[in-house]
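Read off the chains here:
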Amino acid sequence: MQKTIKTLLVTAMLTLTSAAYFGPVHAAGMNAEKAIAAAKDAVKQADSVGGQWRDTGKMIKKAEALLAEGKTEEAAKMAEEAEAQAMLGYMQATSQKSEDLHI
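Residues numbered from 1 in each chain as written. Predicted model: local features only at pLDDT ≥ 70, side-chain atom pairs only at ≥ 80, totals over all residues. Heavy atoms only, no water.

Tallying secondary structure elements over the protein chain gives 4 helices and 0 strands in all. In sequence order, the secondary structure elements of the protein chain are arranged as α-α-α-α. Counting only residues that meet the buried cut, the protein chain has 29% of its 103 residues in that class. In the protein chain, 75% of the contacts between residues at least 6 apart in sequence involve partners at least 24 apart. Here the protein chain displays about 6,600 Å² of accessible surface, and carbon together with sulfur accounts for 57% of that area. (Helix = DSSP H or I, 4+ residues; strand = E, 2+ residues; numbered from the N terminus. Buried < 20%, exposed > 50% of the residue type's maximum accessible area, 1.4 Å probe, protein only. Contact = heavy atoms within 4.5 Å. Areas by Shrake-Rupley, 256 points an atom, 1.4 Å probe, with all protein chains shown as cover.)

This is how it looks when you write it as structure tokens:
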């Protein structure tokens, strides 16, 4: 019973925090350069809590390469995806570090 309550609390917390993070995705609607910068900032935040995912850095490099090729829309989209991954990594790491949430 206690395990079920903790699971429900964790699920509710993640749902509420994800709405806060993904409501206004920072890179959305930005030009490619700003989107890449926003993604890099999000990666730094995720890395600060040990939550950087494996492919996020690769996605940023790909976005930079696309930008260099003049494919600005594709670069911005890739950077937006990288930023979203970095935010998810941050959320995952912070949710798993709480002593009270271990089930």
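That covers the picture; the talk isn't over yet.
Take the nonpolar core next. If you look at soluble globular proteins, the nonpolar side chains tend to sit buried side by side. One finds Ile-36, Ile-60, Ala-63, Met-78, Ala-79, Ala-82 and Ala-86 to be the most contacted residues of the largest nonpolar core, which totals 20 residues. Mapped by element, the contributors of at least two residues to this core are helix H2 (32–48), helix H3 (56–68) and helix H4 (72–97). Ranked by the residues each element gives to this core, the list is headed by H4, at 8 residues. Once residues lying within four places of it in the same chain are set aside, the contact partners of Met-78 are Met-59, Lys-62, Ala-63 and Leu-66. (Core = buried A, V, L, I, M, F, W, Y, C linked by side-chain atoms within 4.5 Å.)

On to the packing of H2 against H3. Running from N to C, H2 and H3 point in directions that differ by 165°, and their axes come no closer than 10 Å. As judged from the angle between their axes, H2 and H3 are roughly antiparallel. The hand of the H2/H3 crossing is left-handed. Contacts from Ala-32, Glu-33, Ile-36, Ala-39, Lys-40 and Val-43 of H2 reach H3 at Thr-56, Ile-60, Ala-63, Glu-64 and Leu-67. Of the residues belonging to the contact of H2 with H3, the class tally is 7 nonpolar, 1 polar and 3 charged. (Axes fitted to C-alpha atoms, helices over the stretch in contact; angles between N-to-C directions. Parallel < 35°, antiparallel > 145°, perpendicular 65-115°, else oblique. Left-handed = near helix turned anticlockwise from the far one by under 90°. Nonpolar A, V, L, I, M, F, W, Y, C, P; charged D, E, K, R; others polar.)

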